[in-house]
Amino acid sequence: MKRLVTLFLAGAIGVAAAPSAGCGQAPSLESGPQTVNVNGQDRNFIVRVPEGYDNNNPYRLIFGVHWWGGSMEDVAYGQTVEPGVWNYYGLERLAEETAIFVAPQGIDGNWYNDGGSDYAFFDEINRLVEGSLCVDTDLRFSIGFSWGGSTSVGIACRDGEFPFRAITAIAAAGPFECNPGTAPVGYLGIHGIADNPDNGRSMRDRFLQNNGCSGEENPPPGSGSLSHVRTDYECSGPPVSWITFDGGHTPAPWDGGQGDNGSESYVPGYAWDLFSSF
Ligand SMILES: *[C@@H]1O[C@H](CO)[C@@H](O)[C@H](O)[C@H]1NC(C)=O
């Protein structure tokens, strides 16, 4: 009876979860560091299982991808900005135990994706986590700073077996490929005016096209304004938003100051607004 009511309610509000193989099973992954073998190579990641985990509840799955020279610990434990506040780019606290988080570790802190090795690693994490825990396979997301941003873009471009529903690319930079790059994926790009915003714009434009968007970018904030400007495009597909801020290559910009402040930054709130809108 409870199940029927749930199904009815889910149908009534237009929500149909796509439960993974791990739903209804005893969980076979615990929070903490994990190792998977990918084509003969051991690869590491950290997983965070929500407190009060319910194996009948299909959770969002959110990847937090580190930057050049960063680590899975930096992402999972908020190191380098503010521990606790900045875990998984600040999303852990906002999700309030409604999402499973993973932080993959690049080889020597990079994402060169030699021979497709990093993208295969992401696939393997999906396979393992979705088989071990209850994930809504329509609700996979990724967030990353710098090379972690462009790696999120590159994987969103794959139209692969484990597609992202939406991504947040903060100061996306570094080598990446967008191939074939035709799938509509929700997109939030955030870039400092003293960084290389045109790099971020070129990635954003791909999703403006894929998602059937129109509209003009609002003029960026002035240098010295210590503020940000947001543009929300009109899209027939998933949403695309773009933020420019008065600042450089930083993951946690905030209004009223320079550099990073994890508690004051608007980045987590905007990213969570996007990810929780599906
Ligand atoms: C961030 O902002 C908070 C609240 O305004 C303040 O207490 C804290 O000192 C700031 N942290 C940094 C690293 O600037």
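Reading guide: rules and limits
Residues numbered from 1 in each chain as written. Predicted model: local features only at pLDDT ≥ 70, side-chain atom pairs only at ≥ 80, totals over all residues. Heavy atoms only, no water. Phe/Tyr/Trp six-rings, centres within 6.5 Å; stacked < 30°, edge-to-face > 60°. Buried < 20%, exposed > 50% of the residue type's maximum accessible area, 1.4 Å probe, protein only. Lys NZ or Arg CZ within 6 Å of the ring centre and 35° of its normal. Disulfide = S-S within 2.5 Å. Helix = DSSP H or I, 4+ residues; strand = E, 2+ residues; numbered from the N terminus.

**Student:** I would appreciate a short explanation of the packing of aromatic side chains in the present structure.
**Tutor:** Within a pair of aromatic rings, the relevant descriptors are the distance that separates the centres and the angle that separates the planes. Inspection of the entire model under this criterion finds 14 aromatic pairs. Seen from their ring centres, F121 and F122 are 6.3 Å apart, and the 80° between their planes marks the pair as edge-to-face. The exposure class assigned to F122 is buried, which follows from its relative accessible area of 2%. Seen from their ring centres, Y266 and Y270 are 5.7 Å apart, and the 50° between their planes marks the pair as tilted. It is R204 that lies over the ring of W242; its NZ or CZ is 5.0 Å from the centre. Above the ring of Y270, the side-chain terminus of R230 is found at 4.6 Å from the ring centroid.

**Student:** Please clarify how the state of the cysteines should be interpreted in this entry.
**Tutor:** Working definition of a disulfide: a covalent bond connecting the sulfur atoms of two cysteines. Tallied over the full model, the rule gives 3 disulfides. Across the disulfide from C23 sits C134; the S-S distance is 2.0 Å. Judged by the torsion about the S-S bond (90°), the C23/C134 disulfide is right-handed. Pair noted here: C23 is in the loop between α1 (2-12) and β1 (32-38) and C134 is in the loop between α4 (117-132) and β5 (135-145), with a separation of 111 residues, a long-range link. A relative accessible area of 17% means that C23 is categorised as buried. Two residues, C213 and C235, share a disulfide whose sulfurs are 2.1 Å apart. Around the S-S axis, the bridge from C213 to C235 shows a dihedral of about 105° and counts as right-handed. A residue pair is termed long-range when its members are at least 10 positions apart, and C213 in strand β8 (residues 213-214) and C235 in strand β10 (residues 234-235) qualify at 22 residues. Once the disulfide-bonded cysteines of the protein chain are ranked by sequence position, their pairing pattern turns out to be 1-2, 3-4, 5-6.

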